[in-house]
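Residues per chain are reported as follows:
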Amino acid sequence: MRTSPVWNPQQYGKYAGERGRPFADLIARIGLIRGEDRPGADAPAVVLDLGCGPGNLTVGLLDRWPSATVHGVDSSVEMITEAQKLSSARLSFEVGDLREWSAPDESVDVIVTNATLQWIPEQLDLLPGFVRALRPGGWLAIQIPGNGDAPSHAILRELAGRPPYAEYAAGKSLRPDVPGPAEYVEVLSGLGCTVDAWETTYSHLLPGDNAVLEWVKGTGARPVLQSLPDELRAQFEAEYGARLAEAYPRRDYGTLLPFRRIFAVAQKEA
Ligand SMILES: C[S@@+](CC[C@H](N)C(=O)[O-])C[C@H]1O[C@@H](n2cnc3c(N)ncnc32)[C@H](O)[C@@H]1O
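Residues numbered from 1 in each chain as written. Predicted model: local features only at pLDDT ≥ 70, side-chain atom pairs only at ≥ 80, totals over all residues.

Comments concerning the site of the ligand
Our working definition: A residue counts as near a molecule or strand when its C-beta atom, positioned from the backbone, falls within 6 Å of it. For this classification, Asp, Glu, Lys and Arg are treated as charged, while Ala, Val, Leu, Ile, Met, Phe, Trp, Tyr, Cys and Pro are nonpolar and the rest, including Gly, are polar.
Near the ligand, the surroundings consist of 20 residues, among which Gly51, Gly53, Ser75, Ser76 and Leu98 are the closest. Of the residues assigned to the shell around the ligand, the class counts are nine nonpolar, seven polar and four charged.

In structure tokens form, the structure reads like this:
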């Protein structure tokens, strides 16, 4: 029995500062390839945020590009309901699954997709459609977590694969084998883009009790937790939380969560 949807904007909103930083770092690189300024990103007219979540980061794109209209797409009704509270003449949102959704060809100046494609195992197959939607000279900016081997995920997979949880939760964890920078370079170069790809490991210092549990409850652990019946979910959280507290000890200065992320910024040939 499922008592709440997979995505919960309030839980995801915890640690919004830490979650927002890679987005800011990604957006800062649109218009640059390997440190060199390139045209086409100064005054885009149409910007898409694919997998926009609750829209709190999408709204920042209006300041970055004051003459743009920005449109967010996300498959979660709960996330889009939250995002729509931020709608304005220049900002709109829509429920849509990226595996089926597409923009008209050559209609978009900038596509941003932040912390979303890791949820779509066939994500590389979506890239040709994204590039096709871009105008010549348009930009695609991608960021995904690359921490599938970190203890937070390894412990989650291990517990979810064991009784009594496996019957409900097996296969619900994020896959560890996401593309790295080299794969994005390869695929996007093959689609006629100039590409800059890189990775960064952030050292988040999280305040509060059970900080890493609270973090993953907002993101990576949600599909596992929501697949479990209520009575098992509490037990799972207790067991998982205890293992996380051991793996990520709380110190006076906070709980250190190292977090690897993968970035790719690509410009379609003009
Ligand atoms: C970790 S959140 C990222 C939200 C936002 N981009 C941010 O950086 O805060 C991941 C989002 O991906 C969305 N998502 C997952 N699979 C999706 C799909 N197939 N199509 C569209 N959105 C999807 C989820 O609903 C969720 O809102």
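So, helix H2 (residues 16-28)
To keep things clear, this is the line we draw: A run of DSSP states H or I qualifies as a helix once it reaches four residues; a run of E qualifies as a strand once it reaches two. Both are numbered from the N-terminal end. A helix's residues, less one, multiplied by 1.5 Å, set its expected span. Labels follow a simple rule on C-beta atoms placed from the backbone: if 20 or more others lie within 10 Å of a residue's own, it is buried; if 12 or fewer, it is exposed; otherwise it is partly exposed. By the convention adopted here, residues make contact when the C-beta atoms placed from their backbones lie within 7 Å.
Helix length check: H2 (13 residues) gives 18 Å between terminal C-alpha atoms against 18 Å at 1.5 Å per residue, within 8%. If you check which residues of H2 are buried, you get Arg19, Pro22, Phe23, Leu26 and Ile27. In the core, the buried residues of H2 are packed alongside helix H3 (60-64), strand S6 (108-114), strand S7 (134-145) and strand S10 (254-268).

Notes on the packing of helix H6 (residues 151-160) against helix H11 (residues 230-247)
The condition is simple: Helix axes use the C-alpha atoms of the stretch in contact, all axes being lines fitted to C-alpha atoms, and the angles between their N-to-C directions lie in the range 0 to 180 degrees. Left-handed is the label given to a crossing in which the near helix is rotated counterclockwise from the far helix by less than a right angle, and right-handed is the label when the rotation is clockwise.
The interhelical angle for the contact between H6 and H11, taken along N-to-C directions, is 145 degrees, at an axis separation of 10 Å. Relative to H11, H6 is oriented so that their crossing is right-handed. Contacts between H6 and H11 involve Pro151, Ser152, Ile155, Leu156 and Leu159 from the first element and Phe236, Glu239, Tyr240, Arg243, Leu244 and Ala247 from the second. Per-class residue counts for the contact of H6 with H11 are eight nonpolar, one polar and two charged.

Let's talk about the nonpolar core
The line we're drawing: In plain words, the nonpolar core is the set of buried Ala, Val, Leu, Ile, Met, Phe, Trp, Tyr and Cys residues that C-beta atoms within 7 Å link up.
With 50 residues, the main nonpolar core has Val110, Ile111, Leu140, Ala141, Ile142, Leu188 and Ala264 as its most contacted residues. Top element by residues in this core is S7. It accounts for six residues. Apart from residues no more than four positions distant in its own chain, Leu188 is found in contact with Leu127, Cys193, Val195, Ala264 and Ala266. Listed in part, the 20 residues of the second largest apolar core include Tyr165, Leu225, Tyr240 and Phe259.

Geometry only, nothing functional implied.
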